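Chain by chain, the residues run as shown.
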Amino acid sequence: MNPQAKLIFTISLLMGTTITISSNHWVMAWAGLEINTLAILPLISKSHHPRAIEAATKYFLTQAAASALVLFSSMTNAWYTGQWDITQLTHPTSCLVLTAAIAMKLGLVPFHFWFPEVLQGSSLTTGLLLSTIMKLPPIALLYMTSNTLNPTLLTSMAILSAALGGWMGLNQTQIRKILAFSSISHLGWMTIIIVYNPKLTLLNFYLYALMTTAVFLTLNSINALKLSTLMTTWTKTPALSAMLFLTLLSLAGLPPLTGFLPKWLIIQELTKQNMALAAVALSILSLLGLFFYLRLAYCATITLPPHTTNHMKLWHTSKPTSSSISILTTVSATLLPISPLISTMI
């Protein structure tokens, strides 16, 4: 792709995100979401591969439907209450339609089917954008309207997302699909707490984005798309493979790594809200995710492929690792000791 075109699309992406997260009026928020969608489409389909074109088409249709539902929800609310302010969403039908629209935008169950397919058809860098920055505007809208949304509906969707995200990721061999189901599972954790402690949702999202960025950039650096290719990367960059191992375990939420912090705080908050059953359900379902993260980590560092003749070993590279990857992987593994400071901020 032309560098100038890529620059324009990236600026449009940042501009659309900024417009949505900083707006008070529903039409401005909707316009930001539309700019975002139109900016990411060329980045998804830039390889001109049939799978990439299919992914871009699926993404466009899903996001267009979700944007229409956002507009319909806000117009219904304005019709009944005369308010276009995002924080004044009070009509029950509007709240229900908006919950469906944001679930579709994010890829929450039962509107999750598009996300693994789109991520599989995209490159790793575009997949990184889809998993992190494209999730920020819908989460910002969820944050601003959280006090009026139905807690029972959000809790049900969250537990289903954690269950299906973990369950469907078990049998995958494509790394991008595994990361897509991981994203769905993490969104379940973010959604369940949004009504009770919205700042905790934002903290979870920021830490998830940090760890996912580290994983995607590492995979892009070692050029691994399948588990079978991941098995041979330890010969190329042993140190980076070791850090990928820690980052994946952090994404799984194992103590004493960074990823344990949001899960710990969310379980604590759910217990305070007399939702111990939901906390237990989420904790058990996170074991499903732990299995496929361990599988990825095992393939990256510990095992050799069973048929070694079919896989050519890669030469050890002396090329230095990017400083951004080094910083992100280190932070992804070592942020837990400052959790008292983080908990005072929320």
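Residues numbered from 1 in each chain as written. Predicted model: local features only at pLDDT ≥ 70, side-chain atom pairs only at ≥ 80, totals over all residues. Heavy atoms only, no water.

As annotated in an unreviewed UniProt entry, the chain carries the name NADH-ubiquinone oxidoreductase chain 2 and is attributed to Locustella luscinioides. Quoted verbatim from the Subcellular location (unreviewed entry) field of the UniProt record, the comment on the chain reads "Mitochondrion inner membrane". According to its UniProt record, the chain has this under Catalytic activity (unreviewed entry): "a ubiquinone + NADH + 5 H(+)(in) = a ubiquinol + NAD(+) + 4 H(+)(out)". (UniProt positions renumbered as here; feature names shortened; annotations may be inferred.)

Undergrad: How should I be thinking about the overall build of the chain in this particular structure?
TA: Helix and strand counts for the chain stand at 16 helices and zero strands. Against the compact-globule benchmark of 20 Å for 346 residues, the chain has a radius of gyration of 20 Å, which places it among compact chains. Taking the principal axes of the C-alpha coordinates as reference, the chain spans close to 70 × 50 × 35 Å. Within the chain, the fraction of its 346 residues that count as buried is 53%. By sequence separation, contacts in the chain at least 24 residues apart represent 77% of the contacts at least 6 residues apart. (Helix = DSSP H or I, 4+ residues; strand = E, 2+ residues; numbered from the N terminus. Rg over C-alpha atoms; globule rule 2.2 N^0.38 Å. Buried < 20%, exposed > 50% of the residue type's maximum accessible area, 1.4 Å probe, protein only. Contact = heavy atoms within 4.5 Å.)

Undergrad: So what exactly am I meant to see when it comes to the UniProt feature "domain: NADH:quinone oxidoreductase/Mrp antiporter transmembrane" (unreviewed entry) in the chain here?
TA: Within this structure's numbering, the places UniProt gives as "domain: NADH:quinone oxidoreductase/Mrp antiporter transmembrane" (unreviewed entry) are residues 23-288. Here residues 23-288 runs as 75% helix and 0% strand, with 38 Å between its end C-alpha atoms.

Undergrad: Teacher, can you tell me more about the UniProt feature "transmembrane region" (unreviewed entry) in the chain here?
TA: Under the feature "transmembrane region" (unreviewed entry), the UniProt entry names residues 56-76, 96-115, 152-171, 178-197, 203-225, 237-255 and 275-294. Across residues 96-115 one finds 65% helix and 0% strand; the C-alpha atoms that close the span lie 22 Å apart.

Undergrad: Where do I start with the layout of surface pockets in this structure?
TA: Any empty space left between the atoms is revealed when a probe the size of a water molecule rolls over them. Empty space within the largest pocket amounts to approximately 150 Å³. Around the largest pocket sit Trp189, Ala252, Gly253, Leu254, Phe260, Lys263, Trp264, Ile267, Ser283, Ser286, Leu287 and Leu290, which together line it. Listing elements by their share of the lining of the largest pocket, those giving two or more residues are α13 (260-272) and α14 (276-301). Taken together, the residues of the lining of the largest pocket sort by class into eight nonpolar, three polar and one charged. (1 Å grid on protein atoms, 1.4 Å probe; cavity = no way out; pocket = protein on both sides within 12 Å on 5 of 7 lines; lining within 4 Å. Points joined across faces, edges and corners; volume = space filled by probe spheres on them. Nonpolar A, V, L, I, M, F, W, Y, C, P; charged D, E, K, R; others polar.)

Undergrad: Explain the packing of aromatic side chains to me, please; I cannot follow it from the model alone.
TA: For any pair of aromatic rings, the description consists of the separation of the ring centres together with the inter-plane angle of the planes. On inspection of all chains with the given rule, the structure shows five aromatic pairs. Between Trp114 and Phe115 the ring centres are 5.4 Å apart and the planes differ by 75°, which places this aromatic pair in the edge-to-face class. Trp114 gets classed as buried once you look at its relative accessible area, which sits at 9%. Judged by its relative accessible area of 1%, Phe115 falls in the buried class. When the centroid spacing of 5.0 Å and the interplanar angle of 50° are considered together, the rings of Phe292 and Tyr293 count as tilted. Comparing Phe292 with Tyr293 shows no difference in burial state: the two are buried. Among the aromatic residues, ring-to-ring pairing joins Tyr59, Trp114 and Phe115 into one connected group. The residue whose ring lies beneath Lys135 is Phe115, and the NZ or CZ to ring-centre distance is 3.9 Å. Lying across the ring of Trp189, Lys263 places its NZ or CZ 5.1 Å from the centre. (Phe/Tyr/Trp six-rings, centres within 6.5 Å; stacked < 30°, edge-to-face > 60°. Lys NZ or Arg CZ within 6 Å of the ring centre and 35° of its normal.)

Undergrad: Whenever I open this one, unusual backbone geometry confuses me. Can you help?
TA: Excluding glycine, residues mostly have negative phi values, and the peptide bonds linking residues are mostly trans. For the bond from Val109 to Pro110, the omega torsion is 10°, close enough to zero to count as cis. For Pro110, the position within the fold is in the loop between α4 (92-106) and α5 (114-121). Residue Pro256 is reached from Pro255 by a cis peptide bond, and omega for that bond is 5°. Inspection of the secondary structure assignment puts Pro256 in the loop between α12 (238-252) and α13. Unlike most non-glycine residues, His48 shows phi in positive territory, near 60°. Counting through the fold element by element, His48 comes out in the loop between α2 (26-44) and α3 (50-81).

Undergrad: Any chance you could explain the domain arrangement of the chain here in plain terms?
TA: By a widely used convention, the size of an interface equals the accessible area lost when the partners come together. Parsing the chain into structural domains produces domain 1 (1-133) and domain 2 (150-308 + 320-345). For domain 1 versus domain 2, the distance between C-alpha centres works out to 23 Å. Of the residues lining the interface, 23 residues belong to domain 1; the matching set on domain 2 comes to 29 residues. A combined buried area of about 2,200 Å² lies between domain 1 and domain 2, and 75% of that area is made up of carbon and sulfur atoms. (Domains from an automatic or database assignment. Buried area = accessible area lost by both parts, 1.4 Å probe.)

Undergrad: Would you mind showing me how to read helix α15 (residues 323-334) here?
TA: Note: α-helices contain 3.6 residues per turn, so residues at a spacing of three or four share the same orientation. When the terminal C-alpha atoms of α15 are compared, their 16 Å separation across 12 residues agrees well with the 16 Å that a helix rising 1.5 Å per residue should span. Close packing links the buried residues of α15 with α10 (198-222) and α12. (Expected span 1.5 Å × (residues − 1).)

Undergrad: I would appreciate a short explanation of the packing of helix α1 (residues 3-22) against helix α7 (residues 136-145) in the present structure.
TA: When two helices pack together, their arrangement is given by the angle between the helix axes and by the axis-to-axis distance. Following both chains from N to C, one finds α1 and α7 inclined at 0°, their axes separated by 9 Å at the closest point. The orientation of α1 with respect to α7, classified from their angle, is roughly parallel. Mapping the contact onto sequence places Thr17, Thr20 and Ile21 in α1 and Leu136, Pro137, Ala140, Leu141 and Met144 in α7. Partitioned by chemical class, the residues of the contact of α1 with α7 number six nonpolar, two polar and no charged. (Axes fitted to C-alpha atoms, helices over the stretch in contact; angles between N-to-C directions. Parallel < 35°, antiparallel > 145°, perpendicular 65-115°, else oblique.)

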